[in-house]
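# Topology and contacts: notes
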Amino acid sequence: DAKTTQPTSMDCAEGRAANLPCNHSTISGNEYVYWYRQIHSQGPQYIIHGLKNNETNEMASLIITEDRKSSTLILPHATLRDTAVYYCIVRVEGSGGYQKVTFGIGTKLQVIP
Amino acid sequence: DTAVSQTPKYLVTQMGNDKSIKCEQNLGHDTMYWYKQDSKKFLKIMFSYNNKELIINETVPNRFSPKSPDKAHLNLHINSLELGDSAVYFCASSLVGGSKYTDTQYFGPGTRLTVL
């Protein structure tokens, strides 16, 4: 697995966009970037994933740099319920249980009223 | 409807006891996992099963024995519990096989195990 590095913590004002960066400089060509989050005392929740194109869904947008060495998760209008630890991981899609998913320490996002 | 469920949610027990945690998913997935999240909040994979077959077994003590009676269930049995086993255990599932795989993992709510 390629390693990822994320800031330990970030603050964001409620209603503003939250931009969470992730570095994955050793990512392989067939590895996707996945984002999960873990709200306090709950199980991790999938947010979004992508290979090289930018992706958007109802929860967030994922911007991947052209060289794929870094990406940014964007929560367009952060709410208090978005306060959580956000994990950026890389893995080969379709590898399923054959490739272990390693969750790092993640970024603790605090949304401030 | 709960996609991935675990029972019990909380488990408090004495050292040396044997306990089990159950996991069920109703998503039609073919791969299930157990993760351990310790007090430092690191989330580490312990086991993964694909179609009831063990495919990942991290360096977990053999006191931990997963059992998958069918694709929808993955239980975790722990023998001779130790203080260091105290943690939150998460079950997860994903769809790997077939044309509609997403490989996204769906996690259960967790089981907080406290060993006294």
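Take the overall build of chain A next. Scanning chain A from terminus to terminus reveals 0 helices and 9 strands. Starting at the N terminus, the α and β elements of chain A follow one another as β-β-β-β-β-β-β-β-β. Structurally, chain A occupies a C-alpha span of about 40 × 30 × 25 Å along its principal axes. Side chains of chain A give 10 positive and 10 negative charges; the mean places of these two sets differ by 5 Å.

Vacant regions in the atomic arrangement are exposed by a probe of water-molecule size rolled over the atoms. Of the pockets and cavities examined, the largest pocket occupies roughly 460 Å³. Around the largest pocket sit 24 residues that line it, and A:Gln38, A:His40, A:Ser41, B:Gln37 and B:Lys41 are the ones nearest its centre. Among the secondary structure elements, those contributing two or more residues to the lining of the largest pocket are strand S8 (84-92) and strand S9 (107-112) of chain A together with strand S9 (87-94) of chain B. Top element by residues in the lining of the largest pocket is S8(A). It accounts for 3 residues. In terms of residue class, the lining of the largest pocket is made up of 9 nonpolar, 10 polar and 5 charged. Surrounding the second largest pocket, 16 residues form its lining, B:Lys36, B:Lys44, B:Ile45, B:Met46 and B:Glu58 being those nearest its centre. At 4 residues, the largest contribution of residues to the lining of the second largest pocket is made by strand S5 (residues 43-50) of chain B.

The next subject is the state of the cysteines. By the definition in use, this model includes 2 disulfides over all chains. The side chain of A:Cys22 participates in a disulfide bridge whose partner is A:Cys88; the two sulfur atoms lie 2.1 Å from each other. The sign of the -80° torsion about the S-S bond sets the A:Cys22-A:Cys88 disulfide as left-handed. Here A:Cys22 is found in strand S2 (residues 18-23), whereas its partner A:Cys88 is found in strand S8, with 66 residues between them in sequence. According to the relative accessible area criterion, A:Cys22 is buried, its value standing at 1%. Take A:Cys88: its relative accessible area is 1%, and that puts it in the buried class. Residue pairing for B:Cys23: its cysteine sulfur links by disulfide to B:Cys91, the two sulfurs lying 1.9 Å apart. Taking the sign of the S-S torsion, about -75° here, the bridge from B:Cys23 to B:Cys91 comes out left-handed. Of this pair, B:Cys23 sits in strand S3 (residues 19-25) while B:Cys91 sits in strand S9, and the two are 68 residues apart along the sequence. Taken individually, B:Cys23 and B:Cys91 each receive the classification buried, so the pair is uniform in this respect. The thiol of A:Cys12 is not disulfide-bonded; the next cysteine sulfur, from A:Cys22, is found 18 Å away. Given a relative accessible area of 8%, A:Cys12 falls into the buried group.

Take unusual backbone geometry next. In the segment running from B:Thr7 into B:Pro8, the intervening peptide bond is cis, with an omega of -5°. The topology assignment puts B:Pro8 in the loop between strand S1 (4-7) and strand S2 (10-13). Unusually for a residue other than glycine, A:Arg68 sits at a positive phi of about 65°. Topologically, A:Arg68 is positioned in the loop between strand S6 (61-64) and strand S7 (70-75). With phi around 45°, B:Ser80 is a residue other than glycine that occupies positive phi space.

What follows deals with the sheet that holds S8(A). Residues and elements named next belong to chain A. If you walk across this open sheet you meet the 5 strands as S1-S9-S8-S3-S4, and the pairing is mixed. Of all strands in the sheet, those with a lone pairing partner are strand S1 (9-13) and strand S4 (45-50), marking the two edges. Neighbour to neighbour, the strand axes of the sheet diverge by 25° on average, direction disregarded. Of the strand pairs in this sheet, strand S3 (residues 31-38) and S8 are connected by 8 bridges, and their pairing is antiparallel. Looking at the pairing, Gln38 lines up with Val85 of S8.

Cut-offs applied
- Residues numbered from 1 in each chain as written.
- Chains lettered and ligands numbered in written order.
- Predicted model: local features only at pLDDT ≥ 70, side-chain atom pairs only at ≥ 80, totals over all residues.
- Heavy atoms only, no water.
- Helix = DSSP H or I, 4+ residues; strand = E, 2+ residues; numbered from the N terminus.
- Lys, Arg positive; Asp, Glu negative; His and termini not counted.
- Charge placed at Lys NZ, Arg CZ, Asp CG, Glu CD.
- 1 Å grid on protein atoms, 1.4 Å probe; cavity = no way out; pocket = protein on both sides within 12 Å on 5 of 7 lines; lining within 4 Å.
- Points joined across faces, edges and corners; volume = space filled by probe spheres on them.
- Nonpolar A, V, L, I, M, F, W, Y, C, P; charged D, E, K, R; others polar.
- Disulfide = S-S within 2.5 Å.
- Buried < 20%, exposed > 50% of the residue type's maximum accessible area, 1.4 Å probe, protein only.
- Pairing = 2+ DSSP bridges.
- Axes fitted to C-alpha atoms, helices over the stretch in contact; angles between N-to-C directions.

That's the geometry; what it means functionally is another story.
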